[in-house]
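# Commentary on secondary and tertiary structure
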Amino acid sequence: MKIWLDGALVDEAEAKLSVFDHGTLYGDGIFEGIRFYNKRVFRLDDHLVRLFDSARYLMLSLPWSYDEISKAVCETVVASGLNDGYIRLVATRGVGNLGLSPVNCKASSVYVIADKIALYKPEVIKKGLDLITSSVRRNRPDMLCPQVKSLNYLNNILAKMEAVRCGAAEALMLNEAGNVAECTGDNIFIVKNGIVYTPPVTDGALDGITRRVVLEICKELGIPAVERTINRYTMTVADECFLTGTAAECVPVTKLDGYIIGGGEMGPVTEQILDRYKFLTTTTGTPVEG
């Protein structure tokens, strides 16, 4: 496997960062998870804009331009030899000392990985996911802005570990007010009386790229879609529920904490959105060659 690291494609064994990199020492960095289908990178520009916005918020100076990183992503996909897969684009603060201050980090580091990914088996997606509500609360937006896709994922990892211990596929995360924020790596949607609802980013949800695509699909298909605060009661009485994320794509949820959601199977609105999403991923995107 070839990894793009700071300007060059190198073998996986040679793709190394210093132990003094503040991305490793303190989680000081940002990333994007991106999909490619049929050698087309899906929503590449949206991901790069979010990456550069996150870098600006963290005062992280990237040594490569927007166009250079875009080209690096495409080169890495070509080098992978894959038609479909997942890209991990990471920018770290770079090498510094053991002190917390980033002023000692002279240059940030950027790397790109392109590989296969499969979070859920087809039979799991068809059946729908089983969720639990995690006891781990989502970070407050005024403490760590959820719109920044940082390397600090310990909050989400603890919730994911709780789901695994309980035998569930995913964990629902609530905010400090007890309202729904998101899942450990995905945004969440419900359907009630034909209307699609999702928590606003002000409730602790990431402004997910797939989330944006789903809202666009709803507008295109004439499905009413609203950003609104959601609590566990709203979840348990929903007609349908589904998760969205670059890696997970669009996955139905049929159970939460033992409650059967809807009819216990993928609902018609979810299916309609998922079909349109699949069409867009396989017919649009930035070509990696030519």
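All values derive from a computational prediction rather than experimental measurement. (Residues numbered from 1 in each chain as written. Predicted model: local features only at pLDDT ≥ 70, side-chain atom pairs only at ≥ 80, totals over all residues. Heavy atoms only, no water.)

Even without a glycine there, the phi angle at D6 is positive, about 50°. Classification of D6 by relative accessible area gives partly exposed; the value is 35%. Its identity is not glycine, yet N193 carries a phi of approximately 55°, on the positive side. Relative to the assigned elements, N193 resides in the loop between β10 (187–192) and β11 (195–198). (Buried < 20%, exposed > 50% of the residue type's maximum accessible area, 1.4 Å probe, protein only. Helix = DSSP H or I, 4+ residues; strand = E, 2+ residues; numbered from the N terminus.)

Attention shifts here to the sheet that holds strand β2 (residues 8–11). Ordered by their spatial adjacency, 7 strands build an open sheet running β2-β1-β6-β5-β3-β4-β16, and the pairing between neighbours is antiparallel. Bordering the open sheet on either side are β2 and β16 (286–287), each of which pairs with just one other strand. Along the sheet, helix α2 (residues 44–57) contacts β3 (29–37), β4 (40–41), β5 (85–92) and β16; its crossing angle with β3, the most-contacted strand, is approximately 180°. (Pairing = 2+ DSSP bridges. Contact = heavy atoms within 4.5 Å. Axes fitted to C-alpha atoms, helices over the stretch in contact; angles between N-to-C directions.)

A separate point is the environment of G263. Looking at the secondary structure, you find G263 in the loop between β15 (259–260) and α8 (268–283). Separated by 73 residues in the primary sequence, G263 and I190 have C-alpha atoms spaced 13 Å apart.

One pass over the full model with this rule turns up 16 salt bridges. For E227, the salt bridge is made with R211, and the minimal N-O distance between the two is 2.6 Å. Here E227 is found in strand β12 (residues 225–227), whereas its partner R211 is found in helix α6 (residues 209–221), with 16 residues between them in sequence. Given the relative accessible area of 44%, E227 is considered partly exposed. A cluster of three or more residues bridged by salt bridges with shared partners is formed by D207, R211, R212 and E227. (Salt bridge = Lys/Arg side-chain N within 4 Å of Asp/Glu carboxyl O.)

The final tally for this structure, using the stated rule, is 6 aromatic pairs. Judged by centre distance (5.5 Å) and plane angle (65°), the rings of F31 and Y153 are edge-to-face. One end of the pair, F31, is in strand β3; the other, Y153, is in the loop between β7 (129–133) and α5 (154–165), and 122 residues separate them in sequence. With relative accessibility at 25%, the residue Y153 sits in the partly exposed group. Among the aromatic residues, those joined into a ring-pair cluster are Y37, F42 and Y277. Taking the ring centre of Y197 as reference, the NZ or CZ of R228 above it sits at 4.3 Å. (Phe/Tyr/Trp six-rings, centres within 6.5 Å; stacked < 30°, edge-to-face > 60°. Lys NZ or Arg CZ within 6 Å of the ring centre and 35° of its normal.)

Our focus in this paragraph is the pairing of β11. Two faces make up the sheet, and in a regular strand the side chains alternate between them. Pairing analysis gives 3 bridges linking β10 to β11, with the strands arranged antiparallel. Looking at β11, one finds that K192 is bridged to I195. Connecting β10 to the next strand, β11, in antiparallel fashion are 2 residues, including N193 with a positive phi near 55°. In the sheet, β11 pairs with β12 via 3 bridges, with the strands oriented parallel.

Let us now look at the side chain of S54. When you line up the elements, S54 lands in helix α2. In this structure S54 comes out as buried when scored by relative accessible area, which is 3%. In this structure S54 touches I30, Q147, V148 and K149, once residues within four positions along its chain are discounted.

A word on α8. Counted at 1.5 Å a residue, the expected span for α8 with its 16 residues is 22 Å, and the 23 Å between its end C-alpha atoms agrees. Buried within α8 are the following residues: V269, T270, I273, L274, Y277, L280 and T281. Taken around the axis of α8, the buried residues stretch over an arc of 125°, which confines them to a single face. Downstream of α8 by one or two residues, G285 has phi in the positive range, about 130°. (Expected span 1.5 Å × (residues − 1). Arc of directions from axis to C-beta.)

Further remarks concern the packing of α6 against α8. Between α6 and α8, the least distance of the axes is 10 Å, while the angle of their chain directions is 110°. Here α6 lies roughly perpendicular to α8, going by the angle between them. At the point where α6 passes α8, the crossing takes the right-handed sense. Only Q272, I273, R276, Y277 and L280 of α8 make contact with α6, whose side of the interface consists of T210, V213, V214, I217, C218, E220 and L221. Split by residue class, the contact of α6 with α8 holds 8 nonpolar, 2 polar and 2 charged. (Parallel < 35°, antiparallel > 145°, perpendicular 65-115°, else oblique. Left-handed = near helix turned anticlockwise from the far one by under 90°. Nonpolar A, V, L, I, M, F, W, Y, C, P; charged D, E, K, R; others polar.)

Compared with the 18 Å implied by 1.5 Å per residue over 13 residues, the 18 Å span of α6 between its first and last C-alpha is a close match. Taken together, the buried positions of α6 are occupied by I209, T210, R211, V213, V214, I217 and C218. Just downstream of α6 lies G222, where phi reads positive at about 75°.

Time to look at a nonpolar patch on the surface. On the surface, a nonpolar cluster with roughly 670 Å² of combined accessible area is contributed by V19, F20, L25, Y26, V95, L98 and L100. Mapping V19 onto the fold places it in the loop between β2 and α1 (22–26). On the accessibility criterion, V19 (62% relative accessible area) is exposed. (Patch = residues over 30% accessible without salt bridge, like charges linked within 9 Å, V, L, I, M, F, W, Y side chains within 5 Å. Areas by Shrake-Rupley, 256 points an atom, 1.4 Å probe, with all protein chains shown as cover.)

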